[in-house]
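Chain by chain, the residues:
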Amino acid sequence: MKKILLVYNPVSGRGVFKKKIDSVIDKLQRRNILTAVYRTRKENSIADFADCVKIFGAEGIISAGGDGTLHQVVNWLMKSKIDLPVGIIGSGTSNDFATHLELDGENYFDTIAAGNTRPVDLGKVGAEFFINVASAGVFTSIAHEVDSKQKNTLGKFAYYLRGIGELKNFKPVQFEISADGKNFQLDAFLFLVLNSPAVASLKKISDIAKIDDGKLDLIALKKTSPRQLLQLSKKILSGETVQDDENIFYLQAKNFVITSTEKLTSDLDGEVGGELPLQIETIPHALNFFVS
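Residues numbered from 1 in each chain as written. Predicted model: local features only at pLDDT ≥ 70, side-chain atom pairs only at ≥ 80, totals over all residues. Heavy atoms only, no water.

You can see G60 is positioned in strand 3 (residues 60-65). It is 5.0 Å that separates the C-alpha atoms of G60 and P85, two residues lying 25 residues apart in sequence. Here G60 is in contact with K3, I4, L5, L84, P85 and F290, once residues within four sequence places are set aside. (Helix = DSSP H or I, 4+ residues; strand = E, 2+ residues; numbered from the N terminus. Contact = heavy atoms within 4.5 Å.)

Time to look at unusual backbone geometry. Here the residue pair L276 and P277 is connected by a cis peptide bond, since its omega of 10° sits within 30 degrees of zero. Among the secondary structure elements, P277 is positioned in the loop between strand 14 (271-275) and strand 15 (278-290). One non-glycine residue with positive phi stands out, namely N32, at about 65°. If you check the backbone angles, H285 has positive phi at about 45° while not being a glycine. Note on placement: H285 falls in strand 15. The exposure class assigned to H285 is partly exposed, which follows from its relative accessible area of 45%. (Buried < 20%, exposed > 50% of the residue type's maximum accessible area, 1.4 Å probe, protein only.)

Here we come to helix 5 (residues 107-114). Given 3.6 residues to a turn, an α-helix orients residues that are three or four positions apart in the same direction. Of the positions making up helix 5, those classed as buried are Y108, F109, T111 and I112. Down the axis of helix 5, the smallest arc covering the buried residues is 150°, so these residues share one side. Residues of helix 5 that are exposed and point more than 90 degrees away from the buried face comprise N107 and A114. Buried residues along helix 5 sit against strand 1 (2-8), helix 1 (21-29), strand 2 (33-39), strand 3, strand 4 (86-90) and strand 15. Trailing helix 5 by a residue or two, G115 shows a phi angle of about 75°, which is positive. (Arc of directions from axis to C-beta.)

With that settled, consider the packing of helix 2 (residues 46-56) against helix 3 (residues 67-80). Contact geometry for helix 2 and helix 3: axes closest at 10 Å, N-to-C directions at 80°. As judged from the angle between their axes, helix 2 and helix 3 are roughly perpendicular. For the pair helix 2 and helix 3, the contacting residues are I46, F49 and A50 in the first and W76, L77, K79 and S80 in the second. Partitioning the contact of helix 2 with helix 3 into residue classes produces 5 nonpolar, 1 polar and 1 charged. (Axes fitted to C-alpha atoms, helices over the stretch in contact; angles between N-to-C directions. Parallel < 35°, antiparallel > 145°, perpendicular 65-115°, else oblique. Nonpolar A, V, L, I, M, F, W, Y, C, P; charged D, E, K, R; others polar.)

Have a look at this one:
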């Protein structure tokens, strides 16, 4: 009997997963999978998680929550040097990485039972890993500043409301970017360093970004007029890719060094990161994920 450790966040996505736990365990058990449950709390530590994995003898991990919960699980695994396949049950306000992998549905439990996996790259900033995106600039602080009650009530719409309110305050920042030794300078509102093409609840901001190509993709929104910014926003919201848009600076690289003239705090998978400058590297095929 296979053993899976289910790590769940009790507050992600208005706490909806708490009502699904029994159903999820039943689906796993019917596939001959024994499940232990690990509840995330502020008091959790890497050592606690590692001990739980070892004592239970887990052969795989399922992250049940949003992108922030997955970020936490990925960092626990990497920092503990635990090499186990990861599954995702997206149940947070934002589930960009799970959306990209198209992991919804009953068949996904068959995938976990069969042990079908795919290697996935990670990004690394200092000692911290990210699974989907590192960013800084305008909008980066929105995820951190949205009131938790508003977030739980409105979900993704809370981010959009806050973003609309910030439009009048848009000011470009001067960035210096080193990408695999090549240097660039530009005035931009923000940058995103992507692992997958799904970000900010948008499914395909790029048709080039891949999660297993050994590279990360940088997208920067260049200084532009309000009219052009509105047109670009409509393009993004309509599901079009933007890497070739004239208002976008786009490139791929294994390693980045990004500095700014302003004091900026970064965001890693929706969690508060360090201040710029950032040194970002790709960790190729760092973890395996359950994928059909």
